[in-house]
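The chain contents come next:
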Amino acid sequence: MADNQSANIQALLSALNVFTRAPDKTSLENANSWLQDFQHSPEAWSTCNVLLLSLDAPPAAKLFAAQTFRSKVTYDLHQVDPSNLLPLRDTLVTALERYQSGPKTIITQLCLALSGLALQLPAWDNALQSIVETFGANPATVPVLLQFLTILPEEVSGNTRIPVTDDEYRERSTKLLSDNSEQVLELLSMYLQATGVTHAVQSQIFDCLRSWLVAGEIDMPAFGKSPLLAFAFEALASEVLFDSAVDVVCEMIHETQEIDDNMPVIELIVPRVIDLKSRLEDQKDDPEKIRGYAKIFAEAGETYRLLILQHTDTFYPIVEAIGQCSAYPDLDIVPITFPFWMRLAQTIGKKTTISPLFGEAYKALMGVVIRHLHFPPDLASMTGQEADNFRSFRHVMGDTLKDCCLVLGADACLLSAYGLITMALSRGPQSISWQEIEAPLFAMRSMGAEIDVMDDTAVPKIMDLIPSLPIHPRVRYAALLIISRYTEWINRHPDYIAYQLQYISAGFEDPDSEVSAAAGQALKYLCQDCKQHLIEFLPTLHTFLTTTGTKLTQDDRRQVYEAIAYVISAMSMEKAAESLRTFSLDILSQIHAISSKSTAVTKQELKEVGYGLENLEVMLHVVGPFGDQLPAACQNSCQEAWSIFDTFISKFAFDYDTSERVTRVLRHGITLFGQGSLTVASSVLSRMVTSFEATGFSSFLWISGKFVGRFGHESDPVLRNAFQNLYERATNKVVSLLQSKDSRDIPDVLEDYVQLLLQLIRMAPDVFFQSSAFPLAFRATMAALTLIHSDLVFASLDLFRDILTHESLTPSSSPPPKFPIYSSAIKSVMEKEGFEFVGCILSGLVGDFPEDSTAVVVTIFRAVALLWSTQLVTWLPPILQQLPPTSAPNQVKQQFLLDVTNSLNTAQYDKVKYSILALHRASRKARDRRRVTPLNQA
């Protein structure tokens with residue numbers, strides 16, 4: 001026994017020693033895996049006890065031993081005989097006494113272990129009191145006691161991995177926390193007032209107090225009577241205790257949120273909070289102090305906002321203090337106040353009358369926010385990351401401007417921002433900066449969501465102002481985004497459309513790429529929201545595309561096409577079809593020209609055609625279908641368009657980007673032409689499978705699946721032959737790819753292939769089951785299950801569920817004629833592949849299958865148990881033996897086999913569900929445990 005323990009210690013020390021060197025990845029992973037396996041073992045209890053109490057063990061080994069005790073108390077307490085649980089407690093207490101002077105990491109782990117044990121050990125009746133008696137009398141051990149008292153409520157209320165029932169938890173948490181809260185307050189007060197108490201102990205007292213406050217275990221009326229409340233505020237004057245005191249004050253305020261129950265305490269807290277207001281000026285040069293005060297004021301404001309409205313004279317200084325924090329120049333501190341302004345605005349919005357002071361507060365806030373919105377004078381002084389952070393923060397501030405609108409009204413806020421611009425413009429162009437114009441424009445854009453579309457006061461002034469703004473890229477960018485935001489208002493005031501189009505058109509000519517992108521966005525939203533009014537402008541837009549459009553970047557050009565499509569969608573069906581044909585022919589002519597070119601095509605030419613395909617795709621997406629009866633302009637368009645695409649694909653299928661774009665256009669073609677695309681379906685499928693065989697690009701499978709999904713019910717024999725041809729050739733190509741490549745290298749191909757199979761089994765089961773490709777497809781889909789790819793795994797499981805629960809497998813006195821053929825095909829495949837298939841399913845269940853896939857696995861496994869019960873009994877033992885114990889512990893596998901065998905022997909097939917769920921839970925628990933143990937930092 002001793003020899004075995006000595007061997008364990010030596011092996012453990014060797015494994016830990018790996019982390020002290022600079023090991024290769026494999027050595028590190030092997031050592032980490034060994035340590036985790038050891039930590040799970042029953043022998044770890046005694047081995048770690050020896051290490052922890054050894055004088056000679058290295059520090060890393062002692063820390064690992066303490067971590068192991070914490071882990072095993074959480075997960076493995078069932079390994080300890082009940083008669084040894086109290087001795088285990090004594091062992092941990094003894095170890096804590098041994099390490100009373102440190103290191104702190106070991107003290108923390110032992111306190112965590114004792115807290116977890118206290119929750120699970122009702123026989124330890126007076127857990128907190130016994131620790132107090134052991135460590136509370138000697139000043140040298142008081143820090144250990146305070147650490148335990150700090151950790152106890154955190155571990156009891158926060159460690160959800162500890163295996164106790166709800167009833168057990170309620171009983172023990174009451175016994176450990178609620179019943180002792182008054183004693184803890186008295187204890188902390190006593191230590192706080194003790195002679196010679198150090199700052200370090202005071203800081204620990206605050207941390208402990210905060211922990212109990214956060215857990216909700218402090219009785220606030222009792223707290224109000226203790227010296228701790230006053231001392232928390234006094235400690236704000238201490239450099240050492242400031243941060244801890246801020247946290248405690250914030251938590252005590254938060255815990256008084258039940259206003260009626262806590263008014264006596266609130267009356268003690270609020271004057272002290274208000275007294276802090278003067279420090280905002282006194283300590284304005286210390287951002288960290290201001291940050292702490294901002295947290296306190298914001299917490300008080302949020303918690304007491306109803307009192308602020310009801311007793312404004314008394315509580316308004318808190319609002320003023322929060323306003324000062326909002327105006328502070330450090331933009332890391334400012335957002336601390338934003339939740340208060342939001343919640344106060346929402347509360348004010350429900351009141352019929354409020355004090356005018358709040359209107360003044362939000363007017364001041366709006367001015368403050370707009371000042372904060374100003375870009376610095378020299379943009380080059382900001383790093384790229386700083387600029388990105390500032391832009392993101394501007395949008396957060398924009399939300400606060402909406403809160404101002406809620407209190408003051410959108411008109412008043414817009415006119416205020418408008419006034420800032422007109423005031424700046426009145427000084428003349430030489431004496432104003434672009435920032436003075438841009439910031440209020442940004443504010444107007446942020447507040448745009450709050451405007452009334454029927455407004456005739458503020459918004460007309462803004463619209464009239466836009467054309468006269470200074471010509472600066474940042475100003476023009478902001479103005480264009482205002483147009484984007486106000487398009488619903490413009491729709492109700494169409495007289496402004498012509499002027500806005502002119503401004504947008506000028507934006508496209510700006511050399512700044514962000515400005516032209518904003519112009520594209522403005523045009524898109526203008527056409528989307530004002531499409532009826534823009535029909536008459538369609539010829540102008542077409543001219544714009546054929547002239548200026550060629551100079552635009554592709555992103556901007558695509559937005560223009562999307563904008564035009566919105567206008568087309570508002571036209572009558574015949575006119576919409578004619579307009580769509582006009583714009584589409586420009587692109588189709590480009591495609592036809594490159595397909596007919598006798599000389600080599602350059603990369604740039606192919607890229608330009610790709611852009612055209614993107615533009616056509618976005619137009620078709622927006623315009624959508626015309627319905628079952630196609631307009632006259634579209635009657636022959638499907639065949640004409642396909643003839644162009646067919647030639648184009650035959651020449652350029654090998655270009656990946658081109659294949660992606662052209663198949664996306666074909667997808668929208670199915671939607672546009674509907675049943676009309678049936679005339680070309682067989683030809684499309686033939687071209688797609690030929691292209692897939694040649695390239696291996698998944699997009700050709702993807703679009704094929706869309707055609708099968710749309711026309712799979714059609715009985716046309718030519719089309720059915722096309723389906724079979726597609727199925728068999730695509731399957732052969734996928735099998736070939738799997739033989740030459742790792743499945744991990746072609747997840748896109750496998751996903752689109754499985755999606756194609758799903759369409760076939762659901763729409764054309766005669767093709768799916770009767771083909772010689774079926775066994776190959778089954779095996780290929782099993783390969784897909786081995787990938788860590790959620791969408792692919794779900795699709796594959798759906799396919800197997802559809803196969804194994806197919807109606808043809810259900811006994812019937814008069815089955816449909818082809819059902820016996822389907823049934824025979826399924827049974828034949830399962831006889832051959834069943835062992836490997838079940839292994840694949842169980843391996844994924846305890847491995848990397850997505851969490852939500854368990855229900856489908858249960859359905860599949862039940863189907864296998866029902867139809868192949870005899871084989872399943874022989875398959876399971878070797879399959880389970882192959883599952884790694886790190887994911888499925890041996891005792892769990894044994895129980896699973898026993899439960900499934902019993903279910904099969906008693907023909908209770910529904911019970912296999914509970915076996916699967918139990919295996920899944922146990923494997924997740926085992927894997928989670930390995931993830932949360934930071935052994936590489938031991």
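First, a word on scope: everything that follows refers to the structure included in this document. One numbering rule holds for all chains: residues counted from 1, following each sequence as written. Local features in this predicted model are restricted to residues of pLDDT 70 or higher, and side-chain atom pairs are both shown and tallied only at a pLDDT of 80 or more, whereas totals for entire chains, interfaces and linings draw on every residue. To get the side-chain values, all heavy atoms of the structure are used, and hydrogens and water are removed first.

**Let's talk about the overall build of the protein chain**
As a reminder of what qualifies: In this text, helices come from DSSP runs of H or I with a minimum length of four residues, and strands from runs of E with a minimum of two, each type numbered from the N-terminal end. The contact criterion used is simple: two residues touch if any of their non-hydrogen atoms lie within 4.5 Å.
Along the backbone of the protein chain there are 48 helices and 0 strands. Taken along the three principal axes of its C-alpha coordinates, the protein chain extends 95 × 90 × 55 Å. The contacts in the protein chain between residues at least 6 apart in sequence include a share of 74% that link residues at least 24 apart.

**Focus: the nonpolar core**
For soluble globular proteins, the rule of thumb is that nonpolar side chains tend to be buried together. Selection criterion: Throughout this description, the term nonpolar core refers to a set of buried Ala, Val, Leu, Ile, Met, Phe, Trp, Tyr and Cys residues connected via side-chain atoms within 4.5 Å. The buried label goes to any residue with under 20% of its type's maximum accessible area, the exposed label to any with over 50%, and the partly exposed label to all in between, with areas taken from a 1.4 Å probe on protein chains only.
Grouped together as the largest cluster of nonpolar side chains are 335 residues, with contacts concentrated most on Met252, Phe645, Ile803, Phe837 and Leu842. Looking at which element gives the most residues to this core, the answer is helix α44 (residues 819–845), with 12 residues. What leucine 842 contacts, discounting residues up to four positions off in sequence, is Phe861, Leu876, Ile879, Leu880, Leu883, Phe896, Ile916 and Leu919.

**As for the packing of helix α28 (residues 497–508) against helix α29 (residues 513–529)**
Put simply, the rule is: Each axis is a line fitted through C-alpha atoms, taken for helices only over the stretch in contact, and angles between the N-to-C directions span 0 to 180 degrees. Handedness of a crossing follows from how the near helix is turned relative to the far one, being left-handed for an anticlockwise turn of less than a right angle and right-handed for a clockwise one. Under the convention adopted here, Pro, Cys and the residues Ala, Val, Leu, Ile, Met, Phe, Trp and Tyr are nonpolar, Asp, Glu, Lys and Arg are charged, and Gly plus all remaining residues are polar.
With their axes 7 Å apart at the nearest point, α28 and α29 run at an angle of 150° to one another. α28 and α29 meet at a crossing whose hand is left-handed. Touching Leu501, Ile504, Gly507 and Phe508 of α28 are Val515, Ser516, Ala519, Gly520, Ala522, Leu523 and Leu526, all from α29. Of the residues contributing to the contact of α28 with α29, the split by class is 8 nonpolar, 3 polar and no charged.

**Observations regarding the side chain of arginine 474**
Within the secondary structure, arginine 474 is located in helix α26 (residues 473–485). Dropping the residues within four chain positions of it, arginine 474 is found in contact with Trp434, Glu438, Asp512 and Glu514.

**Regarding helix α34 (residues 603–623)**
We apply this condition: The span expected for a helix works out to 1.5 Å for each residue beyond the first.
Between its first and last C-alpha, α34 extends 30 Å over 21 residues, near the 30 Å set by a 1.5 Å rise per residue. Burial within α34 is extensive, with 15 of its 21 residues counted as buried.

**Looking at the packing of aromatic side chains**
Just so we agree on the cut-off: Between the rings of Phe, Tyr and Trp (Trp by its six-membered ring), a pair exists once the centres lie within 6.5 Å; its type follows the angle of the planes, with under 30 degrees stacked, over 60 edge-to-face, and the other angles tilted. In this analysis the charged atom, NZ for Lys or CZ for Arg, is taken to sit over a ring once it is within 6 Å of the ring centre and within 35 degrees of the ring normal.
Under the definition given, this model contains 27 aromatic pairs. Taken together, the ring pairs in this structure connect Tyr727, Phe768, Phe769, Phe774, Phe778, Phe800, Phe819, Tyr822 and Phe837 into an aromatic cluster. Across from the ring centre of tyrosine 503, 5.6 Å away, lies the NZ or CZ of arginine 476, which sits over that ring. A cation over an aromatic ring shows up here: lysine 524 above the ring of tyrosine 525, its NZ or CZ 5.0 Å from the ring centre.

**Observations regarding the environment of proline 42**
By the element assignment, proline 42 lies in the loop between α2 (25–40) and α3 (44–53). Residue proline 42 is classed as partly exposed on the basis of its relative accessible area of 48%. With 473 residues separating them in the primary sequence, proline 42 and valine 515 have C-alpha atoms 67 Å apart.

**A word on the environment of isoleucine 788**
Tracing the backbone through its elements, the reader meets isoleucine 788 in the loop between α42 (774–784) and α43 (790–804). Along the backbone, isoleucine 788 and glycine 847 are 59 residues apart, and their C-alpha atoms lie at a distance of 9.4 Å.

**A few points about unusual backbone geometry**
Going from glycine 102 to proline 103, the amide bond is cis rather than trans, its omega being 0°. Checked against the element boundaries, proline 103 lands in the loop between α5 (85–98) and α6 (104–120). Positive phi outside glycine occurs at alanine 907, with the angle close to 55°. With respect to the helices, strands and loops of the structure, alanine 907 is situated in the loop between α47 (890–905) and α48 (912–932).

**Let's talk about the side chain of serine 189**
Take serine 189: it is sitting in helix α10 (residues 181–192). Contact partners of serine 189, with chain neighbours within four places excluded, come to Ser226, Pro227 and Leu228.

**Notes on helix α33 (residues 573–596)**
Going by this rule: In this scheme, the bend at a residue equals the angle between the axes fitted to the seven residues that finish there and the seven that begin there.
With 24 residues, α33 extends 33 Å from end C-alpha to end C-alpha; this agrees with the ideal 34 Å at 1.5 Å per step. Its maximal kink placed at leucine 585, α33 deviates by approximately 30°. Among all positions of α33, only Ala576, Ala577, Ser579, Leu580, Phe583, Ser584, Ile587, Leu588, Ile591, Ile594 and Ser595 are buried. Buried residues along α33 sit against α31 (538–546), α32 (554–569), α34, α35 (637–652) and α36 (656–673).

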